[in-house]
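An overview of the molecular structure
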Amino acid sequence: VNRKSPKHKNLALGSRRVFQIASGCLNICIYNFGFMDGMESKFYQELKAADPFFVMAGPNVIQSEEHLFKMCRQIKHVTDSVGLKLVFKSSFDKANRTSAKSFRGPGIDEGLKILKACKTTFDVPIVTDIHEPFQAEPVSQVADILQIPAFLCRQTDLLVAAGQTGKVISIKKGQFCAASVMRNSADKVRGTGNPNVAVCERGTMFGYSDLIVDPRNLMWMRDANCPVLADITHSLQQPAGRAIGDGGVASGGLRDMIPCIARTCVAVGVDGIFMEVHDDPTTSPVDAPTQWPLRNFKPLLEELVAISKASKGKVPFDIDLNPVGEDFSA
């Protein structure tokens, strides 16, 4: 073989280029999915290592590309200034609205186009929710985290389809579920060979139109052996608790209580917080009563970071049950 011939040089350069492309693809796969079944992705490891916690934040639903770009740019500016890792959130379809007449979003095709453009423009990871198994694969081509809504946290086919994408799967605890259920839900995802899973507290039904947050759940859900998140805005919903003009009902909420729940959750020691943020909350077409004002986003995050750093919530307390004698001193 004449190794000095132009043909051989072109072949060598081509082989090197193929190797570079393959290496790049491998790195992308490892970052997003993990290279082999059972291997945590690099992105998942980054979320687990976030100090003191990471933030999923954004408007409840995509209203337009222009609005989403504005929200992402401004939210990212805040989280960067506070020093927190951001996963930007918005939904392409709100399939579980109280009324069939309610705004649902742009739908999967247009919604994913907007989310992909937002992700590329601002270089942020994306989280969005899925409601049916067929949505898992196309959504995984854009989103870094697939979110399972609370109402669907036990739906085996949905959890399996999500897990098979290899992406990080965030499962919200059903309002009707005990914390112990979440280990089973997480295991359904892990059963696909995907270890990249998290569970999220979002309140428990207290009567017909109210939710409460039991801080003990944040401890008990650690039994799922994965990151524990807290949804600090949906937890203040009052489901179907607000009368509307046509004689129907819509979900209300207690926006002023969001800081109370947020402070509690970070003091107990969560790995991430989820919150919906809006630049004009009262005009949000979905869950307006529980959208946190963008104007108040930074001061709340700064306070939560300070609380989290002061707390030892992530460290189990070493309780000493040995009897105390006369020689005890505090």
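Residues numbered from 1 in each chain as written. Predicted model: local features only at pLDDT ≥ 70, side-chain atom pairs only at ≥ 80, totals over all residues. Heavy atoms only, no water.

1. So, the pairing of strand 9 (residues 228-231)
Note the cut-off: Only protein chains enter the accessibility calculation, which uses a 1.4 Å probe; a residue whose area is less than 20% of its type maximum is buried, one above 50% is exposed, and one in between is partly exposed. Strands here are runs of E lasting at least two residues and helices are runs of H or I lasting at least four, both read from the DSSP assignment and numbered beginning at the N terminus. DSSP-based pairing: two strands are paired if at least 2 bridges between them are found.
Burial along strand 9 is two-sided: the face carrying V228 and A230 and the face carrying L229 and D231 are both buried. Here strand 6 (residues 197-201) pairs with strand 9 via three bridges, running parallel. Within strand 9, the position partnered with E201 by the bridge is A230.

2. Observations concerning the nonpolar core
Rule in force here: Here, nonpolar core refers to any group of buried Ala, Val, Leu, Ile, Met, Phe, Trp, Tyr and Cys residues whose side-chain atoms link them within 4.5 Å. Contacts are residue-level and defined by heavy atoms, with any inter-residue pair within 4.5 Å sufficient.
Counting residues in hydrophobic clusters, the biggest one holds 85 residues, and the most contacted among them are I273, M275 and F297. Leave out the neighbours within four places in its chain, and F297 touches V55, A57, I75, V78, T79, M275, V277 and W292.

3. Some thoughts on the pattern of salt bridges
To be explicit about the condition: For this analysis, a salt bridge means a side-chain nitrogen from Lys or Arg found within 4 Å of a carboxyl oxygen belonging to Asp or Glu.
Summed over all chains, the structure comprises 14 salt bridges. In this structure, E40 engages K48 in a salt bridge whose closest nitrogen and oxygen atoms are separated by 2.9 Å. D93 serves as the salt-bridge partner of R104, at 2.8 Å between the closest nitrogen and oxygen. Of the two residues, R104 sits in the loop between strand 2 (86-89) and helix 4 (108-122) while D93 sits in the loop between strand 2 and helix 4, which places them eleven residues apart along the sequence. On the basis of relative accessible area, R104 is assigned to the partly exposed category, the value being 39%.

4. Some words on the environment of K85
Turning to its location among the elements, K85 is positioned in the loop between helix 3 (65-82) and strand 2. Sequence separation between K85 and P125 is 40 residues; the distance between their C-alpha atoms is 9.6 Å. Apart from the residues within four sequence positions on either side, K85 is in contact with F43, E46, L47, F54 and V55.

5. A word on helix 3
To be explicit about the condition: Take the residue count of a helix, subtract one, and multiply by 1.5 Å to get its expected span.
Here helix 3 contains 18 residues, and its C-alpha end-to-end distance of 26 Å stays within 8% of the 26 Å for a straight helix at 1.5 Å per residue. Residues of helix 3 that are buried: H67, L68, F69, M71, C72, I75, V78, T79 and V82. Taken together, the buried residues of helix 3 touch strand 1 (54-58), strand 2, helix 4, strand 12 (272-278) and helix 10 (297-310). Trailing helix 3 by a residue or two, G83 shows a phi angle of about 85 degrees, which is positive.

6. A few points about the layout of surface pockets
Operational definition: Method remark: on a 1 Å grid restricted to protein atoms, a set of points is classed as a cavity if a 1.4 Å probe fits but cannot get out and as a pocket if it is open with protein on both sides within 12 Å along at least five of seven lines; lining residues have an atom within 4 Å of a point. Grid points are joined across faces, edges and corners, and a volume is the space filled by probe spheres set on the points. Residues are grouped as follows: nonpolar covers Ala, Val, Leu, Ile, Met, Phe, Trp, Tyr, Cys and Pro; charged covers Asp, Glu, Lys and Arg; every other residue, Gly included, is treated as polar.
Taken as a whole, the second largest pocket encloses approximately 170 Å³ of empty space. Residue classes in the lining of the second largest pocket are distributed as five nonpolar, two polar and six charged.

7. Remarks on the packing of helix 9 (residues 258-268) against helix 10
Going by this rule: Helix axes are fitted only over the stretch in contact, all axes being lines through C-alpha atoms; the angle between N-to-C directions runs from 0 to 180 degrees. Reported orientations rely on four angle classes, namely roughly parallel under 35 degrees, roughly antiparallel over 145, roughly perpendicular from 65 to 115, and oblique for the rest. Here a crossing is taken to be left-handed if its near helix is turned anticlockwise relative to the far helix by less than a right angle, and right-handed if that turn runs clockwise.
The geometry of helix 9 relative to helix 10 is characterised by a closest axis approach of 8 Å and an angle of 30 degrees between their N-to-C directions. Between helix 9 and helix 10, the angle falls in the class roughly parallel. The interaxial crossing formed by helix 9 with helix 10 has right-handed handedness. Along the contact surface, helix 9 presents P259, A262, R263, V266 and A267, while helix 10 presents L300, E303, L304, I307 and S308.

8. Digging into the pairing of strand 5 (residues 168-172)
Of all five residues making up strand 5, five are buried, and the element is well covered by its neighbours. Alternating positions in strand 5 separate into two faces, V168, S170 and K172 on one and I169 and I171 on the other, with burial throughout. When strand 4 (residues 145-148) meets strand 5, the two strands line up parallel, connected through four bridges. Across the sheet, I148 pairs through a bridge with I171, a residue of strand 5.

9. Overview of the packing of aromatic side chains
What counts here: Put simply, two rings from Phe, Tyr or Trp (the six-membered ring, in Trp's case) pair if the centres are within 6.5 Å, and we call them stacked under 30 degrees between planes, edge-to-face over 60, tilted for the rest. Here, over-ring charges are defined by two tests on the NZ atom of lysine or the CZ atom of arginine: distance to the ring centre within 6 Å, and angle to the ring normal within 35 degrees.
Across all of its chains, the model carries one aromatic pair by this definition. Relative to F122, the ring of F69 has its centre 5.4 Å away and its plane inclined at 80 degrees; by these criteria the two rings are edge-to-face. On the criterion of sequence distance, the pair formed by F69 in helix 3 and F122 in helix 4 is long-range, its members being 53 residues apart. The exposure classification of F69 matches that of F122, with both residues buried. Above the ring of F274, the side-chain terminus of K172 is found at 3.9 Å from the ring centroid.

10. Some details on the side chain of D129
Under the convention used in this document: Whenever a nitrogen or oxygen atom comes within 3.5 Å of another N or O atom, the pair is scored as a polar contact, on the condition that within protein one atom can donate a hydrogen and the other can accept it, and that pairs from neighbouring residues in sequence are kept only if both atoms are in side chains.
Residue position: D129 is located in strand 3 (residues 126-129). On the accessibility criterion, D129 (4% relative accessible area) is buried. Polar contacts involving the side chain of D129 include one to the side chain of S91, which spans 2.7 Å. Excluding anything up to four places from it in sequence, D129 contacts S91, F92, K94, Q147 and P149.

11. Focus on helix 10
The terminal C-alpha atoms of helix 10 lie 20 Å apart, and with 14 residues this matches the ideal 20 Å at 1.5 Å per residue to within 8%. Among the structural elements, strand 1, helix 3, helix 9, strand 12 and strand 13 (292-293) are those in contact with the buried residues of helix 10.

12. Observations regarding empty space enclosed by the protein
The full count for this structure, using the stated rule, is one cavity of 30 Å³ or more. Considering the residues around the largest cavity, the lining is formed by Y44, L47, F54, M56, I145, V168, S170, A198, P227 and L229. Split into classes, the residues belonging to the lining of the largest cavity amount to nine nonpolar, one polar and no charged.

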